[in-house]
Amino acid sequence: MASTQLQNIVKRFEGGNIAVDNVSLSVEDGGLLVLVGPSGCGKSTTLRMIAGLEQVTSGRILIGDRDVTDVGPAQRDIAMVFQNYALYPHMTVRQNLGFGLKMRRTASREVRNRVDDAAEMLQLQELLDRRPGQLSGGQRQRVALGRAIVRKPAVFLFDEPLSNLDARLRGQTRMELAALHRRLGSTMIYVTHDQTEAMTLGQIVAVMDEGVVKQIGPPLELYERPANRFVAGFLGSPPMNLIDGVYSNGQFIADDLQVPVSGFDPVPSGLMEGSRITMGFRPEHVQIGAVTDSNSIQLGSVRTRQIERLGSITLFYFKIANCSCVGQQSGNTLNEVQLSIKLERKDVHWFDVSGHRMDSIWS
Ligand code: ATP
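Residues numbered from 1 in each chain as written. Predicted model: local features only at pLDDT ≥ 70, side-chain atom pairs only at ≥ 80, totals over all residues. Heavy atoms only, no water.

Peer 1: Now, about the overall build of the chain: what can you tell me, with residues and values included?
Peer 2: Within the chain one finds eight helices and 22 strands. Taken across its 363 residues, the chain has 48% of its residues classed as buried. Relative to all contacts within the chain whose residues are 6 or more apart in sequence, the contacts with residues 24 or more apart total 66%. Carbon and sulfur atoms form 45% of the exposed surface of the chain, whose accessible area is close to 17,600 Å². Side chains of the chain give 39 positive and 38 negative charges; the mean places of these two sets differ by 8 Å. (Helix = DSSP H or I, 4+ residues; strand = E, 2+ residues; numbered from the N terminus. Buried < 20%, exposed > 50% of the residue type's maximum accessible area, 1.4 Å probe, protein only. Contact = heavy atoms within 4.5 Å. Areas by Shrake-Rupley, 256 points an atom, 1.4 Å probe, with all protein chains shown as cover. Lys, Arg positive; Asp, Glu negative; His and termini not counted. Charge placed at Lys NZ, Arg CZ, Asp CG, Glu CD.)

Peer 1: Any chance you could break down the site of the ligand for me, citing the residues and the numbers?
Peer 2: Every residue near the ligand is listed here: Phe13, Asn17, Ala19, Pro38, Ser39, Gly40, Cys41, Gly42, Lys43, Ser44, Thr45 and Glu160. A distance of 3.5 Å separates a nitrogen atom of the ligand from a polar atom in the side chain of Asn17. The contact in question runs from an oxygen atom of the ligand to an N or O atom on the side chain of Thr45, over 2.5 Å. If the ligand stood free it would expose 640 Å²; the protein chains cover 58% of that surface. The greatest single-element share of the shell around the ligand, amounting to three residues, is contributed by helix α1 (residues 43–51). (Near = heavy atom within 4 Å. Polar contact = N/O pair within 3.5 Å; in protein donor to acceptor, adjacent residues only side chain to side chain.)

Peer 1: Outline α1, supporting the account with residue identities and numerical values.
Peer 2: For α1, a buried count of seven out of nine residues is recorded, marking the element as mostly surrounded by other parts of the structure. Taken together, the buried positions of α1 are occupied by Lys43, Thr45, Thr46, Leu47, Met49, Ile50 and Ala51. Phi turns positive one or two residues past the end of α1, at Gly52, with a value near 90 degrees.

Peer 1: Give a detailed account of the sheet that holds strand β16 (residues 296–303), specifying residues and quantitative values.
Peer 2: Reading across the sheet, the three strands line up as β15-β20-β16 and stay open at both edges, with antiparallel pairing between neighbours. Each having just a single partner strand, β15 (287–288) and β16 make up the two edges of the open sheet. As paired strands, β16 and strand β20 (residues 338–344) are joined by seven bridges and run antiparallel to one another. The residue of β20 that forms the bridge with Arg303 is Gln338. (Pairing = 2+ DSSP bridges.)

Peer 1: I'd love a proper account of the sheet that holds strand β8 (residues 187–192), names of residues and values included.
Peer 2: Reading across the sheet, the six strands line up as β6-β7-β8-β3-β9-β10 and stay open at both edges, with mixed pairing between neighbours. Of all strands in the sheet, those with a lone pairing partner are β6 (78–81) and β10 (212–217), marking the two edges. Along the sheet, successive strands turn relative to each other by an average axial angle of 15 degrees, direction set aside. Alignment of strand β7 (residues 155–159) against β8, held across five bridges, turns out to be parallel. Along β8, the bridge assignment pairs Phe156 with Met188. (Axes fitted to C-alpha atoms, helices over the stretch in contact; angles between N-to-C directions.)

Peer 1: Explain the environment of Asp77 to me, and be specific about the residues and the numbers.
Peer 2: Looking at where Asp77 falls in the secondary structure, it is placed in the loop between β5 (66–67) and β6. With 76 residues separating them along the chain, Asp77 and Pro153 place their C-alpha atoms 5.2 Å apart.

Peer 1: Before we move on, could you go through the state of the cysteines and cite the residues and values that matter?
Peer 2: Covalent bonding between the sulfur atoms of two cysteines is what defines a disulfide. Enumeration over the complete set of coordinates arrives at zero disulfides. Free cysteine Cys323: the closest other cysteine sulfur is in Cys325, separated by 5.8 Å. (Disulfide = S-S within 2.5 Å.)

Peer 1: Tell me about the environment of Ser186, and name the residues and values.
Peer 2: Structurally, the position occupied by Ser186 is in the loop between α5 (167–184) and β8. In this structure Ser186 comes out as buried when scored by relative accessible area, which is 6%. Between the C-alpha atoms of Ser186 and Thr333, which are 147 residues apart in sequence, the distance is 46 Å.

Peer 1: Tell me what's going on with the pairing of β20, and back it up with residues and numbers.
Peer 2: As paired strands, β15 and β20 are joined by two bridges and run antiparallel to one another. Counterpart to Ile288 in the pairing with β20 is Ile341.

Peer 1: So what about α5? Which residues, and what values?
Peer 2: The first and last C-alpha atoms of α5 sit 25 Å apart over 18 residues, in line with the 26 Å expected at 1.5 Å per residue. Where α5 is buried, its residues touch β3 (32–36), α3 (108–121), α4 (137–149), β7, β8 and α6 (195–201). Downstream of α5 by one or two residues, Gly185 has phi in the positive range, about 60 degrees. (Expected span 1.5 Å × (residues − 1).)

Peer 1: Residues and numbers for unusual backbone geometry, please.
Peer 2: Backbone phi values are negative for most residues with the exception of glycine, while trans is the configuration of most peptide bonds. With an omega dihedral of -5 degrees, the bond running from Ser237 to Pro238 counts as a cis peptide bond. As for its position among the elements, Pro238 is in the loop between α8 (229–234) and β11 (241–248). Residue Arg105 is not a glycine yet carries a positive backbone phi of 55 degrees. Within the secondary structure layout, Arg105 lies in the loop between α2 (93–103) and α3. Classification of Arg105 as exposed rests on a relative accessible area of 77%.

Quick look at the structure:
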């Protein structure tokens, strides 16, 4: 086990494409960091640089106290699990699990013990004599995990390891992985584009976009206090509603919508009359009814364009200030076409013209 640190990592591919732009991250010993972001944001490249499969253009990578920036992959003491399990088709599960150890000339007794331990941990005992072709997708993924576990690496790296599994199996394997992390106490770095996976698995989540880490922190902190518009819109399903407008006379004005915004703390330095700002609110914070106290603000009377009943919750779609928005109610009884909607002030997020969060006294 070991901590892992990335210091000002840059990756410029031939042709000038900057895939990773000055990324600094650290994962403590035994920690689990999830790197999440849309396709092409640079997460796999970051992981591959930690693994040593890709050279850094500049910056340093430390595993434990060791600078491994120029060390080959085999000497980094890491194990990587990929989306495509890359099992050897002609070998049994037992042989697949033990192969890496054999190549490192580990004594056969030790190989057997470690393979048996991993098989027990991942409930693969009954499958040890089968070949990958005789396994389900979930079982193959567990073998791929087992192959990493037997090596007892300092750091585990996962690159979208669950994306070939169906939704149900993905959920189950995700829970198994979290349990495995608790049991092994190993340092893990996990890459995914799936924000649910990031929210549920990560102790610490780093959200990436265009080669840059946009925010890093515990998942709920990112959800509740996104530092910028990108994180606000990326985490959450359905995503946060974002309405662009201008700041004027202590009001947010967008089309026919006017909302009081007095009380920024601290007062944003660049905020002035006519500044372009964005108002954000999550679907689950949209409330139905009239405002009765000063803690809430009225958004107006809206016409529902579509209602989706998902069983435990209902989503309703409407337009406000010419923006498509979605609200969420628990239960499935919502029927009204015309709704008066409001928000608690504490549930409103504000972003400046550059997309940075502006804190209000209410937030
Ligand atoms: P995905 O979720 O789709 O795998 P990602 O976030 O993992 O995306 P990367 O694979 O890290 O993204 O790619 C980041 C950027 O670097 C992309 O624009 C990609 O096209 C580019 N890129 C990746 N590998 C190379 C390469 N070998 N040569 C040139 N550009 C590359």
